[in-house]
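# Report on the structure
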Amino acid sequence: MKFGISTFVTDEGIRPDVLGAALEERGFDSLFLAEHSHIPVSRDSAYPGGGDLPEKYKRTLDPFVALTAAATTTSELLLGTGIALLIQRDVIHTAKEVASLDLISDGRALFGVGVGWNREEMANHGTDPKTRGALIDEQLAALKEIWTKDEAEFHGEHVDFDPIYAWPKPVHQPHPPIYIGGESEAAIKRLIKYGDGWLLRGNLHFDEAKKVRDRLNAEGREDVQFAVFGGDTKAKVIDGFRDAGVERYTFMLETLPEAETLKALDELAEVAAAHR
């Protein structure tokens, strides 16, 4: 099992270029960055973690800009979104951003996607929460068309465009791995149909991960990779996810200034080394 870092990169924490270099120097495999375009001041959607919404949610850098910065100071670190809120994004622009990151990084992009939880945030982008599942399914299908065809077109209920030219194409063939986020029944069905990987949250019990692995195997999807976002540092939890067939395990790195971040990374690197 390989070890990486998941975090929120903000204007108040370590720079992404410095973070990327620090991760590669310490032997980490990957970096997954969260995304929120904004947080509405008036919000009825409850924070899934419970309690008050942490400040970092309001201050995230654009993940593709931040990951590109990390790409310039690294040569092997995998660069992932965790998760990109695709339903709040223009699908053609997103296709270009992912492909551009993959090109600049020489094929190191991982595209983690999900539907999100903040309904007010969705609404500000013109997204109807009631149809967000159907929307993201069409977006994923459309992305694959854009990435793999010189003249791509898509005609769905929520995504519709006539033939287009769109370069660059991704370096990773046929396209960067798509990691589906979420543990709901809808997310698992999406994973089976569209996913190359599953980005599961670290608060999920590893026994549940085993059940999903069994289900994927029964569907003929033994090829799906598992990655944990924001995993615990406890040995029992790490070993449990390893036994569940998780290939990549990322620790949650709190958003801190540079000196404090580097100290935290040293501690997490020791945990990772003990379980390799």
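Up top is the structure these notes are about.
Note that the structure is a prediction, hence the values are computed from the model and not measured. (Residues numbered from 1 in each chain as written. Predicted model: local features only at pLDDT ≥ 70, side-chain atom pairs only at ≥ 80, totals over all residues. Heavy atoms only, no water.)

The next thing to look at is the overall build of the chain. Across its full length, the chain holds nine helices and eleven strands. For the chain, the C-alpha radius of gyration of 18 Å lies close to 19 Å, the compact-globule estimate for 276 residues. In terms of its C-alpha atoms, the chain occupies a principal-axis envelope of roughly 50 × 45 × 40 Å. For the chain, with 276 residues in total, the buried portion stands at 52%. (Helix = DSSP H or I, 4+ residues; strand = E, 2+ residues; numbered from the N terminus. Rg over C-alpha atoms; globule rule 2.2 N^0.38 Å. Buried < 20%, exposed > 50% of the residue type's maximum accessible area, 1.4 Å probe, protein only.)

On the secondary structure map, Lys169 appears in the loop between strand 7 (160-164) and strand 8 (178-181). At 2.7 Å, the side chain of Lys169 forms a polar contact with the backbone oxygen of Lys149. Each residue touching Lys169, except ones within four places of it in the same chain, is listed here: Ala99, Ile146, Trp147, Lys149 and Asp150. (Polar contact = N/O pair within 3.5 Å; in protein donor to acceptor, adjacent residues only side chain to side chain. Contact = heavy atoms within 4.5 Å.)

With respect to the helices and strands, Ile92 occurs in helix 3 (residues 91-104). On the basis of relative accessible area, Ile92 is assigned to the partly exposed category, the value being 34%. Sequence separation between Ile92 and Ala166 is 74 residues; the distance between their C-alpha atoms is 8.3 Å. Setting aside residues up to four positions removed in sequence, Ile92 forms contacts with Ile146, Phe161 and Ile164.

With that out of the way, let us pick up the pairing of strand 10 (residues 225-231). The buried fraction of strand 10 amounts to five of the seven residues, a majority that puts the element mostly inside the structure. With five bridges connecting them, strand 9 (residues 197-201) and strand 10 associate as parallel partners. Counted as the bridge partner of Gly197 is Gln225 from strand 10. For the handedness criterion, the β-α-β arrangement of strand 9, helix 7 (residues 206-218) and strand 10 is classed as right-handed. (Pairing = 2+ DSSP bridges. Right-handed = clockwise from strand over helix to strand, strands pointing away.)

A word on helix 9 (residues 258-274). Helix length check: helix 9 (17 residues) gives 25 Å between terminal C-alpha atoms against 24 Å at 1.5 Å per residue, within 8%. Turning to helix 9, its buried residues are Thr261, Ala264, Leu265, Leu268, Ala269 and Ala272. Take helix 9 and look down its axis: the buried residues cluster within an arc of 150°, on one side only. Summarising the geometry of helix 9, the exposed residues directed more than 90 degrees from the buried face are Ala259, Lys263, Glu270 and Ala274. As for helix 9, its buried residues are in contact with strand 1 (2-7), helix 1 (16-25) and strand 11 (248-253). (Expected span 1.5 Å × (residues − 1). Arc of directions from axis to C-beta.)

We now examine a negative patch on the surface. On the surface, Asp150, Glu151, Glu153, Asp160 and Asp162 cluster together into a negatively charged patch. As for its position among the elements, Asp160 is in strand 7. (Patch = residues over 30% accessible without salt bridge, like charges linked within 9 Å, V, L, I, M, F, W, Y side chains within 5 Å. Areas by Shrake-Rupley, 256 points an atom, 1.4 Å probe, with all protein chains shown as cover. Salt bridge = Lys/Arg side-chain N within 4 Å of Asp/Glu carboxyl O. Lys, Arg positive; Asp, Glu negative; His and termini not counted. Charge placed at Lys NZ, Arg CZ, Asp CG, Glu CD.)

To continue, consider the pattern of salt bridges. Scanning the model with the defined rule gives 21 salt bridges in all. Across the pair Arg59 and Glu12 runs a salt bridge, and its minimum N-O distance is 3.6 Å. Separated by 47 residues along the polypeptide, Arg59 in the loop between strand 2 (30-33) and helix 2 (63-72) and Glu12 in the loop between strand 1 and helix 1 bring together distant segments of the chain. Residue Arg59 is classed as partly exposed on the basis of its relative accessible area, which comes to 28%. Taking the shortest distance from any N to any O, the salt bridge between Glu183 and Arg201 comes out at 2.5 Å. Residue Glu183 is found in the loop between strand 8 and helix 6 (185-194), and its partner Arg201 is found in strand 9; the two are separated by 18 residues along the sequence. By relative accessible area, Glu183 is classed as partly exposed at 23%. Taking relative accessible area as the criterion, Arg201 reaches 41% and is therefore assigned partly exposed. One network of salt bridges, with partners in common, ties together Asp11, Glu12, Glu55, Lys58 and Arg59.

Per the stated rule, a full pass over the model turns up 14 aromatic pairs. Between the aromatic rings of Phe3 and Tyr249, the centroid separation amounts to 6.1 Å while the plane-to-plane angle is 65°, which identifies the pairing as edge-to-face. Linking Phe3 in strand 1 with Tyr249 in strand 11, this pair joins segments that are 246 residues apart in sequence. You can call Phe3 buried: its relative accessible area is 1%. Taken together, a centroid distance of 4.7 Å and an interplanar angle of 50° make the contact between Phe8 and Tyr57 tilted. Taken as a pair, Phe8 in the loop between strand 1 and helix 1 and Tyr57 in the loop between strand 2 and helix 2 lie far apart in primary sequence, 49 residues in all. Its relative accessible area of 6% is what places Phe8 among the buried residues. The ring of Trp167 is capped by Lys169, whose NZ or CZ atom sits 5.1 Å from the centre of that ring. In this structure, Arg213 packs its charged tip against the face of Phe226, placed 3.8 Å from the ring centre. (Phe/Tyr/Trp six-rings, centres within 6.5 Å; stacked < 30°, edge-to-face > 60°. Lys NZ or Arg CZ within 6 Å of the ring centre and 35° of its normal.)

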